[in-house]
Amino acid sequence: MLTEYDLPSMIRHELPASYFNGGPVQAGMEPYWLLDRLTNFTRLSLETSHLTSAKKCFILVANLYQKGNTHVKFLIENIFVYALTGMFLQAKKDNILIKSLIPPVLYEAYVRQANSGGC
């Protein structure tokens, strides 16, 4: 199982180096900060119609979610999945196209969260 301490190296490997300027100030905050950076990168990819990058991000997050422990899943649900509603609202592309990019495991987490009033 992946822990929150495994997230930084896995996320840093996938995002452009320019996305890491001004890292977290407090010790132990790196997993949260990097997941937020990944969320923002995914949102920007959708807004600028870089669907290949967005799909790569969705796949990465889905893999982290599936392999992650309870804390990793909690982080992903409360940072990345929570932001999906905003991605749907802000994206210029059709929501059906965006939804087709999202792996089922993430979309199921999104629907669970939306149905529970968490979005």
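Quick note: structure is the one above.
What counts and how
- Residues numbered from 1 in each chain as written.
- Predicted model: local features only at pLDDT ≥ 70, side-chain atom pairs only at ≥ 80, totals over all residues.
- Heavy atoms only, no water.
- Helix = DSSP H or I, 4+ residues; strand = E, 2+ residues; numbered from the N terminus.
- Rg over C-alpha atoms; globule rule 2.2 N^0.38 Å.
- Buried < 20%, exposed > 50% of the residue type's maximum accessible area, 1.4 Å probe, protein only.
- Contact = heavy atoms within 4.5 Å.
- Salt bridge = Lys/Arg side-chain N within 4 Å of Asp/Glu carboxyl O.
- Core = buried A, V, L, I, M, F, W, Y, C linked by side-chain atoms within 4.5 Å.

## Examining the overall build of the protein chain
Check the secondary structure of the protein chain and you find six helices and zero strands. For 119 residues, the compact-globule formula gives about 14 Å, and the C-alpha radius of gyration of the protein chain, at 14 Å, lands near that figure. Overall, the protein chain is about 40 × 30 × 20 Å in size when its C-alpha atoms are taken along their principal axes. Across the 119 residues in the protein chain, those meeting the buried criterion constitute 39%. Contacts spanning at least 24 positions in sequence make up 62% of the contacts within the protein chain whose residues lie at least 6 apart.

## So, the environment of Val81
Tracing the sequence through the fold places Val81 in helix 4 (residues 70-90). Residue classification places Val81 among the buried positions, given a relative accessible area of 0%. Between the alpha carbons of Val81 and Tyr110 there is a distance of 5.6 Å; along the sequence they are 29 residues apart. Filtering out sequence-adjacent residues up to four positions away, Val81 remains in contact with Ile76, Leu106, Ala109, Tyr110 and Gln113.

## As for unusual backbone geometry
Positive phi, normally seen in glycine, also occurs at Ser49, with a value near 60°. Take Ser49: it is sitting in the loop between helix 2 (30-47) and helix 3 (51-67).

## Observations regarding the pattern of salt bridges
Under the criterion given, the structure shown has three salt bridges. Between Glu30 and Arg12 there is a salt bridge whose closest N-O contact spans 2.7 Å. Linking Glu30 in helix 2 with Arg12 in helix 1 (residues 7-14), this pair joins segments that are 18 residues apart in sequence. Judged by its relative accessible area of 27%, Glu30 falls in the partly exposed class. A salt bridge links Lys56 to Glu14, with the nearest nitrogen and oxygen atoms 3.6 Å apart. Taken together, the residues span a long stretch of sequence, with Lys56 in helix 3 and Glu14 in helix 1 at a distance of 42 residues. Owing to a relative accessible area of 30%, Glu14 belongs among the partly exposed residues under this scheme.

## Thoughts on the nonpolar core
Within the largest apolar cluster, 36 residues are counted, with the highest numbers of intra-cluster contacts made by Ile11, Leu38, Phe58, Ile76, Phe80, Leu84 and Leu106. Broken down by secondary-structure element, the contributors of at least two residues to this core are helix 1, helix 2, helix 3, helix 4, helix 5 (95-101) and helix 6 (104-115). Looking at this core, the element that brings in the most residues is helix 4, giving 10 residues. With residues near it in sequence (within four places) discarded, Leu84 still touches Phe58, Ile102 and Tyr110.

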